[in-house]
Structures are given as structure tokens and as C-alpha cells.
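# Topology and contacts: notes
Single-letter residue listing:
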Amino acid sequence: MGILTSIFGDASSKFVREAGPIVNKINALEEEMVKLADSDFALKTASFRQRLKEGESLDDILPEAFALVREAAKRKLKERHYDVQLIGGLALHRGKISEMKTGEGKTLVATLPIYLNALTGEGAHLVTVNDYLARRDAVLMGQIYNFLGLSVGVINSQNVSYVYDESHNQKDAERDQVGEFKIVYDFLKPCSRREAYNADITYGTNHEFGFDYLRDNLANSMNDVVQRGHHYAIVDEVDSILIDEARTPLIISSASEDSGDFYIKFYQIARQMKRDVDYTVDEKMKAIALTDEGINKAENLLGVGNIYTEKGIKYVHHLETAVRAQAIFEKDKDYVVKEGEVIIVDPFTGRLQPGRRWSEGVHQAIEAKEGVKIEKETRSSGSITFQNYFRFYKKLSGMTGTAATSAEEFLKVYGLDVIVVPTHRPVVRRDAPDLIFQTEKGKFQAIARKVKELNRKGQPVLIGTISIEKNELLSVYLRQEGVPHTILNAKNHEKEGEIIAQAGRVGAVTIATNMAGRGIDIKLGGNPLVEEEHEKVRNFGGLFVLGTERHEARRIDNQLRGRSGRQGDPGETQFFVSLEDDLMRVFGAEKIKNMMGRFGIPEDVPIENRFVGRSLENAQAKIEGFHFDARKYTLEYDNVMNYQRQIVYARRQKMMVSNKEGIDELLNKIIEEREGAKKIIEEKKGKLGEDAFYETVRRIVLYVNDALWMEHLEAMDYLRSSVNLRAYGQREPIVEYKKEGLAMFKAMEYSLRDQVFSLISTMNEPAQVEINQPKQTLVVSHNEPSEVSGKQEKEVGRNDPCPCGSGKKYKKCHGA
Ligand code: ADP
Ligand code: MG
């Protein structure tokens, strides 16, 4: 890693050096820009667009465009982009990752390249980690874009969309005061999804951009398609999105029919399984493996001789899932049970994620274990990893305070270079070495004492924990010491933002999970700023960030530290860790603990031991490696799917624009493969007339395409778990997966033509499709995907039009 770091370091300084002349050019243009009248800005934008049309490149107009944006920011926000911000913006324009520390003003940096790249009119996307930040940044930066004559859209979850709307100027003062953490909604006008995408610039979360892509590929006509291509994107907090979130693909789904009893049966079996006898647990990989003994036991309980041959892979999958639910998923850590619902706890933020469900039956297995109502399993109707979604962009870029430690992954997976941009002012924050305790209790006691001491002198403290439960626990210790504090267990990001924005006030003690309030600036002395208080806090030593546990990734620890010491502010950070922390427990802290016990060190007295410190960092490096591999694995599998997805989606897209050639292509293939098909097809064409014929076939293909694709997705899921089981032999699972996946895909393609043909054979009147017993039961759920494999599909009413597109009522068609 040492060599790599220095290579990246060199590339960064080279980039910064070479940016020098461009920065000078931009600075030299300032005099000219200052002279512009307010009304000239939009005209400038128009003239840039004209010049692009006439053949100039974005690079040609970059200095002028950046200078213009800077001038707009000066007038509207009273902020002038620092030179380092210009460099950061340049890196983003070049399709790189700008690593800029927290508080360096990345929100403002993004305005430069987003403006420039939006000039081509193909749409530029700014991707944020949550809905709140998308709205906040659109409202705050919207005034710059609007001034420059560009439109801004926002896409949020639950299909809520806005366009930036300036007809509320009387609120401008309020926005300038609190706009960094509070959204002034008057500037957001609700609109259709399509309108938000048609804006020059669109702010939204990675989830929504991805889901819209999947939804677009389930649409039944071009009117329902909302995205217009993938031209340029800046991903804010890029490590969080492209790395932390990249382990699980996005899935949209519809309900399927496995009954609750099914899960209860497996739960009852799992309950009787004994750890290390019937199954083993690999804590690092969060996996279990059934032993022969365990399999025998399950077979007895199920009353079958051989589960693999008699019941097949589906049963094995459910059995494993039930055991995992029992052995790995911990209540109040991985999930909580609230009002009869199992709610996921986000491992990175510790926040509850209502509505989100684990897929492949895991959620149901946990519901069975907890004895709550078992929701219907949902079936995937489309899925994609963030890796593959973001690779669509012709130009992709990102920004974050912490990218360098993952530079290798960014380069290998996304082809993204990391440029470390120098800070505007030197960092003077002091990062003290970790204090290591034997027990968690000892650690918490020491933390409470430390916080009390800091609080007494008035220095603000931000305490980072790894979960909401730890927040509560710590709160108890602080109360015992009589330290007043705020716990950040906010249910929503906006509330959280308001609290965290004040974490730098005199005497503030704020407990928050590591990533809570990411994206919100902590100003010393609070926000809006009180000058006097600001000075006071500076003299106390700035914000003290106290980490209560090392995270699995060093990057997240750095992120937490970065909350302090922004823009040259004073600040301090220190981690308090214990040998009982998950990270240490998993990586054999027993030895160390015994050693400490032998020396008779009390539990609330820290040790500073180089050996222990090092083993902690080794543990982190090891886990980072695991996760990197897990993501590579996810990606490798998704790459197989990606190939198939592109074929299926391309076909859909052809069908959506009712492209006759596309249909003929398919029909020719059908004719080639099937005797007598030509005659039937010609006959139907004659009977219905060309237009009606093609329209009906188009609908049939769309319908069959989607139904088979859904089944195929499920089959591929099962295949994936089955190849993993087979890995006990010498065969490599991914190779098997590719081979069998391809065979299954071919079978699906054949089956598609089969079903399309059989439907064509039965069509009689225009736009009516009679179906005589299709060879496979087609899924007839509504193609209206819910967010994350979450809420249930709307069911098709008996009097609704049949989703097959026949135009008939459902009860007279597939519902009959
Ligand atoms: P980051 O995303 O890099 O952590 P933010 O975009 O949240 O930082 O900005 C942090 C703070 O710095 C904000 O209060 C913002 O208004 C301020 N800021 C950013 N750039 C400038 C600038 N050029 N001049 C003055 N203030 C700035
Ligand atoms: Mg930010």
C-alpha cells in the first residue's frame, strides 16, 4: 500500500501543479466578470451554448465558465470559490474523484463542473446520500444556477419531485441564514418526475437514480420513461455511495406467494440446530455452513431422505436462511422489532430503515423467528448494482473527504482516479493515539469522565458511536456523571441536520452514530454563527471528536475525525476502544486480554500498547479486504447479469418506441425456428391490418419479456446460492454461474419466442389477445415497483385492464 499511496500522491501533486495555469486564467477573468450586469449572466450562458454548437469544446470555455460561476456565487451566496475549490472543480470536470476534507466547501465546488457540463443540454446529475441533502443543496445552489439561467430539478423517494422555483424572493434572507441545514421549501415546486429530469441539473439520491432506471425499464410506453440518458454525474460522498452501499444491489420487486407456514416450518427446524454441531459460523463473513449432522437432522424433521435431490435447492436455501436468521442476525443490533415489524438497522449509520427489507427470504425468516406477522415474499422484477448503474455515465466523477484509502478500488472498479486537493487552510487538528481498555464498561466509564472534564471547561464534544443502542448506553453513563447531552436518534435527516449544525456551540455534548449528519457542517460557535461564541470555542481547543469504537473501515473513522478541525479550525480527536468491541473480539483479542489480566491492569485504566494498537489496525485492514472482495464478488456476479440485462432492456426499449424493424427482427427469428410460423404470422397480419398487428405484438413482447425476466431473475438468484454450495468441490462458483446462467438465459430467450408466437397464433381481433393456456403461468402483478424490495405491490383489480395489454378487463383475460 505504501508504494500505491505514493503513486497516488504523485499523481495528485502533478494534477494540482498542472491546474496552476488554468486557475490563473480563471483568476485573470475576474475583473471582466465583476463588470457584468446581473442580467448578463443568463446571456453568457446562452452564448456558451452557442459556442459549443459551433464546435468549441467544454475545455475551451472552461476558464470563462468557471469564472462566471464564481462571480454568480459571489453575488448570490456571498461566497467566492477559493483557488483550491477551482482545482477540485477541475478534477470533477475531468471525471475524477476530488478528495477534499470536510468543510472545504464541496457543495460549492460542484457548481463549477455541473454548470459547465450541463451546458450541452443533456442533463447533469448530482448524486447525494439522502433526500434531505438533495433538497438542501438544490435550494442553496439553485440560486446560482437560476441566476445563470439554468433549471434545477430534484428527485426524492416516494416519487416526489421538485423543480427549483425562485418566485419566492421574500424568503431569500431566511435561506441565507439557515439554508445550510434547513430547507426552505418555498423554493421547491412539486413537479413530475420527467420534469425534474428534463431540468438542466438534477439533484437526487443514488437510490432514486438507480430505481428510476429500473422503473424506466418496466414502463409500458415511452410516456412513462423519465430518464433521458446518463451524460455526466458528480457523486457527493462518493465513498459512501460507490463503496459502502455497493455491497447490495438495488432491487425492485413485486409480491410472490410462498406462505408464512413455510417459514415457520423452517424456523422450527432452525431452532433445534446446535451451533458447532449442526452448523458452524464464520463471523467475519457473516455466513453459516451446515454440517452433515445438521443436514441429517433437517431431513429427519422434514421427513425426507435427501433434501437436495427430493426437495431441491429452494429448500436448502430456506433452511440455510432460517439458520442464519437464528445464528447471525441479532435483535437490537442488526434489526429491531417494533409494533410487530422487523426493521433493519443500517450497519453504517445505526439508523432504523423502516420499509426496507432483506431479500431472498431473510426478512421472512427473521419474522418467523420473532413470531411476528410474516409479510409476503417479494419477487424481484429488476435489479442492478450501483457499480453497474454508475458505469453508464459517459463521464462520472465524485467528491468526498475520504477517498485516498480506497483509491485502488475506485480505480479498479470504476476507472476513477483520486486527486487529493490541498486544503484551503492548513489542518491544525490534533489526532491523539487510541486509548485501549480491557472491557467495554471500563471504556464507557473513562469516556464519561473525559466528557465531563471537557464539558466543564465548555469545549464542545461530538461523540461518535457505531449504533443507536450504543448511543443509549453511553447516555446512561453520561447521566451518571451528570453531563447534559443531546442524543441524535433523529428519525429524519433534516432534524438530524438541525441538531448537528449546533454541535459546535459552547458546552455542547452530542452523541451520534458515526455517519449521522454526514454532509452537514459543524461550525464552531453554532450556525448561524455567533462571533463571540466562535472565539470562545476556538480558545477551548475547538470541537473534540471522541470515537467510542473503531469502525470496520478506517475510512469511516477518518470521516468522523474530519468533523473537527475544518477550514483551519483548532480541534482534537481521540478514539476510546476496548478489547470487547466487535472488531477486536472477532480478531482474537483474547490473548491480549489474558495478558492484561495477568498484569493486573484495572478495567477502566487504558493501556497504550503498540502491539495492541497495531493489531487493531491490522484487524481493520483485514476487514476492509474482506469487504473489498465481497463487493468484487457482487460485481462479478452482476456483470453476468449485466450482459443479460442489457439484451432484455434493449429489446424492451425497441418495443417501447414501437419500432417495426425491432419486431420484425424477432418475428424472423421465430419464423426461422418454427415450421409454419411464417404462414400464421402473415395470416394474422392480413386479418388485423399492419398497424394493429404490430401494436398488439409489441404489447405481447413487452409483457412476455417482463414476465420471463422476473422468473429468470429468481432462477438466477437460486443458481447463485446453489453454485456457492457446490464450491465445496473444486469448481469455481463464478465459472459455474456464468456457464449455467448463460444456458438459462438462452432457454429464456427461446421460451420468449415460443410464448410470443403462441400468443400471436391466438390473436383474433385488433388489440385483443386471447390466451389459451400459456405454457407457463405468467406473473400478473402490476408493474409498479415499490421502493427497495419494500412495500407490497398493488394487486390488479378484477375490473382493471389486464397488464398483458390486451385492453380487456383482467377478469376476462389473465384473471379468468
Ligand atoms: P463539505 O461538503 O466539503 O464538507 P460544505 O459544502 O458543507 O463542505 O461547506 C462547508 C461550509 O463552508 C459551508 O458553510 C459553506 O457555506 C462554506 N464555504 C464553502 N466554500 C466557501 C467559500 N468559498 N467561501 C466562504 N465560505 C465557503
Ligand atoms: Mg458535503
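Look up: the structure comes first, before these words.
Source: prediction; values computed, not measured.

Turning our attention to the packing of helix α4 (residues 58-77) against helix α7 (residues 131-148). Packed helices, taken two at a time, are described by their axes: the angle between them and the distance between them. In the contact formed by α4 and α7, the axes pass within 9 Å of each other and the chain directions differ by 120°. Between α4 and α7, the angle is such that the two are oblique. The way α4 lies across α7 gives a crossing that is right-handed. Contacts between α4 and α7 involve Leu68, Val69, Ala72, Ala73, Arg75, Lys76 and Leu77 on the former and, on the latter, Leu140, Met141, Gln143, Ile144, Phe147 and Leu148. Across the contact of α4 with α7, the residue classes break down as ten nonpolar, one polar and two charged.

On to the side chain of Arg429, then. For Arg429, the location among the structural elements is in the loop between β16 (418-420) and β17 (430-431). Given the relative accessible area of 19%, Arg429 is considered buried. Side chain to side chain, Arg429 and Asp431 meet in a polar contact 2.8 Å long. A distance of 3.3 Å separates a polar atom in the side chain of Arg429 from the backbone oxygen of Ser564.

For the structure on display, the rule yields 23 aromatic pairs. With a centroid separation of 6.0 Å and 10° between ring planes, the pair formed by Tyr164 and Phe187 is classed as stacked. Remark: Phe187 occurs in the loop between α8 (172-178) and β5 (188-190) and Tyr164 occurs in strand β4 (residues 161-164); sequence separation between them is 23 residues. You can call Phe187 buried: its relative accessible area is 0%. Measuring from ring centre to ring centre gives 5.9 Å for Phe390 and Tyr393, while their planes differ by 20°; the resulting arrangement is stacked. Connected via pairs of aromatic rings, a cluster forms that spans Tyr213, Phe386, Tyr389, Phe390, Phe392, Tyr393, Tyr649 and Trp709. Lys632 extends its terminal NZ or CZ atom over the ring of Phe628, reaching a point 4.7 Å from the ring centre.

Looking now at the layout of surface pockets. Quantified by volume, the second largest pocket comes out at close to 1200 Å³. Taken together, 47 residues form the lining of the second largest pocket, with Glu79, Glu180, Asp521, Lys523 and Arg566 sitting closest to its centre. Those elements giving two or more residues to the lining of the second largest pocket turn out to be α4, α6 (106-118), α7, α8 and α22 (531-540). Ranked by residue count, the leading element in the lining of the second largest pocket is α7, at five residues. Taken together, the residues of the lining of the second largest pocket break down into ten nonpolar, 15 polar and 22 charged.

Only one face of strand β9 (residues 279-282) is covered, namely the one carrying Tyr279 and Val281; the face carrying Thr280 and Asp282 has none of its residues buried. Bridging between β9 and strand β10 (residues 287-290) involves four bridges; their strand directions are antiparallel. Residue pairing for β10: Asp282 is matched across the bridge by Ala287.

What follows is about the nonpolar core. Grouped together as the largest cluster of nonpolar side chains are 171 residues, with contacts concentrated most on Phe390 and Phe410. The biggest single contributor to this core is helix α29 (residues 690-726), with 14 residues. Counting 28 residues, the second largest nonpolar core, distinct from the first, contains Ile288, Leu290, Ala298 and Tyr315.

Bringing the sheet that holds strand β13 (residues 352-353) into the picture now. Taken together, the three strands give an open sheet; going across it, the order is β11-β12-β13, and neighbouring strands pair in antiparallel fashion. At either margin of the open sheet sits one strand with a lone partner, and together these are β11 (335-338) and β13. Where strand β12 (residues 341-345) meets β13, two bridges bridge the pair, whose relative direction is antiparallel. Bridge pairing in β13 places Val345 opposite Leu352. The strands touched by helix α16 (residues 362-370) within the sheet are β11 and β12, with β12 carrying the most contacts at an inclination of about 125°.

Turning our eyes to something else, we now look at the sheet that holds β16. On the basis of which strands lie adjacent, the open sheet formed by nine strands has the order β5-β4-β3-β6-β2-β7-β15-β1-β16 and mixed pairing. Each end of this open sheet is capped by a strand with a single partner; those strands are β5 and β16. For this sheet the average axis-to-axis angle between neighbouring strands, irrespective of direction, equals 20°. Here three bridges tie strand β1 (residues 97-99) to strand β15 (residues 395-400), and the two strands are oriented parallel to one another.

Let's shift gears to the pattern of salt bridges. Evaluated as defined, the whole model comprises 56 salt bridges. Among the ionic pairs, Glu99 bridges to Lys101, the shortest N-O distance being 4.0 Å. You can call Glu99 buried: its relative accessible area is 7%. With a closest N to O distance of 3.4 Å, Asp582 and Lys333 form a salt bridge. Residue Asp582 is found in helix α24 (residues 582-586), and its partner Lys333 is found in the loop between α15 (313-327) and β11; the two are separated by 249 residues along the sequence. With relative accessibility at 27%, the residue Asp582 sits in the partly exposed group. Each of Glu30, Asp38, Arg70, Glu71, Lys74, Arg75, Arg80 and Asp83 takes part in one network of salt bridges that share partners.

This brings us to the environment of Tyr232. Here Tyr232 shows up in strand β7 (residues 232-236). Since its relative accessible area comes to 1%, Tyr232 is described here as buried. Put simply, Tyr232 and Ile201 are 31 residues apart on the chain and 9.9 Å apart in space, counted from C-alpha to C-alpha. Discounting residues that sit within four places of it in the chain, Tyr232 has contacts with Leu92, His93, Pro113, Ile114, Asn117, Gly123, Ala124, His125, Tyr393, Lys395 and Ser397. Polar side-chain contacts of Tyr232 include one of 2.8 Å to the backbone oxygen of Leu92.

Moving on, we come to the site of ligand 1. Neighbouring ligand 1 are 17 residues, the closest being Glu79, Arg80, Gly103, Thr107 and Lys523. Between Gln85 and ligand 1, the recorded distance is 2.9 Å, taken from a side-chain N or O atom to a nitrogen atom. A distance of 3.0 Å is found between an oxygen atom of ligand 1 and a backbone nitrogen or oxygen belonging to Gly105. Across the complex, the protein chains shield 86% of the 560 Å² of accessible surface that ligand 1 would expose by itself. Comparing atom positions with the cavity grids shows ligand 1 to sit within the second largest pocket. Sort the elements by how many residues they give to the shell around ligand 1 and α6 lands first, with three residues. For the shell around ligand 1, the residue count by class is two nonpolar, six polar and nine charged.

Let us look at helix α18 (residues 407-414). Along α18, the residues classified as buried are Ala407, Glu409, Phe410, Val413 and Tyr414. In a view along the axis of α18, the buried residues occupy a sector of 165°, so they form one face of it. Looking one or two places after α18, you find Gly415, whose phi comes out positive at around 65°.

Backbone torsion omega between Asn527 and Pro528 reads 0°, so that peptide bond is classified as cis. Even without being a glycine, Asp332 presents a positive backbone phi close to 70°. Within the secondary structure, Asp332 is located in the loop between α15 and β11. Positive phi, close to 50°, is recorded for Gln567, a residue that is not glycine. Along the polypeptide, Gln567 turns up in the loop between α23 (554-561) and β23 (571-578). The class of Gln567 is buried, set by a relative accessible area of 12%.

On to a nonpolar patch on the surface. Together, Tyr643, Ile647 and Leu742 give the surface a local cluster of nonpolar side chains, amounting to about 250 Å² of exposed area. Inspection of the secondary structure assignment puts Ile647 in helix α26 (residues 610-656). With a relative accessible area of 30%, Ile647 lands in the partly exposed category.

Thresholds, definitions, all that
- Residues numbered from 1 in each chain as written.
- Chains lettered and ligands numbered in written order.
- Predicted model: local features only at pLDDT ≥ 70, side-chain atom pairs only at ≥ 80, totals over all residues.
- Heavy atoms only, no water.
- Axes fitted to C-alpha atoms, helices over the stretch in contact; angles between N-to-C directions.
- Helix = DSSP H or I, 4+ residues; strand = E, 2+ residues; numbered from the N terminus.
- Parallel < 35°, antiparallel > 145°, perpendicular 65-115°, else oblique.
- Left-handed = near helix turned anticlockwise from the far one by under 90°.
- Contact = heavy atoms within 4.5 Å.
- Nonpolar A, V, L, I, M, F, W, Y, C, P; charged D, E, K, R; others polar.
- Buried < 20%, exposed > 50% of the residue type's maximum accessible area, 1.4 Å probe, protein only.
- Polar contact = N/O pair within 3.5 Å; in protein donor to acceptor, adjacent residues only side chain to side chain.
- Phe/Tyr/Trp six-rings, centres within 6.5 Å; stacked < 30°, edge-to-face > 60°.
- Lys NZ or Arg CZ within 6 Å of the ring centre and 35° of its normal.
- 1 Å grid on protein atoms, 1.4 Å probe; cavity = no way out; pocket = protein on both sides within 12 Å on 5 of 7 lines; lining within 4 Å.
- Points joined across faces, edges and corners; volume = space filled by probe spheres on them.
- Pairing = 2+ DSSP bridges.
- Core = buried A, V, L, I, M, F, W, Y, C linked by side-chain atoms within 4.5 Å.
- Salt bridge = Lys/Arg side-chain N within 4 Å of Asp/Glu carboxyl O.
- Near = heavy atom within 4 Å.
- Areas by Shrake-Rupley, 256 points an atom, 1.4 Å probe, with all protein chains shown as cover.
- Sits in = over half its atoms within 2 Å of the grid points.
- Arc of directions from axis to C-beta.
- Patch = residues over 30% accessible without salt bridge, like charges linked within 9 Å, V, L, I, M, F, W, Y side chains within 5 Å.

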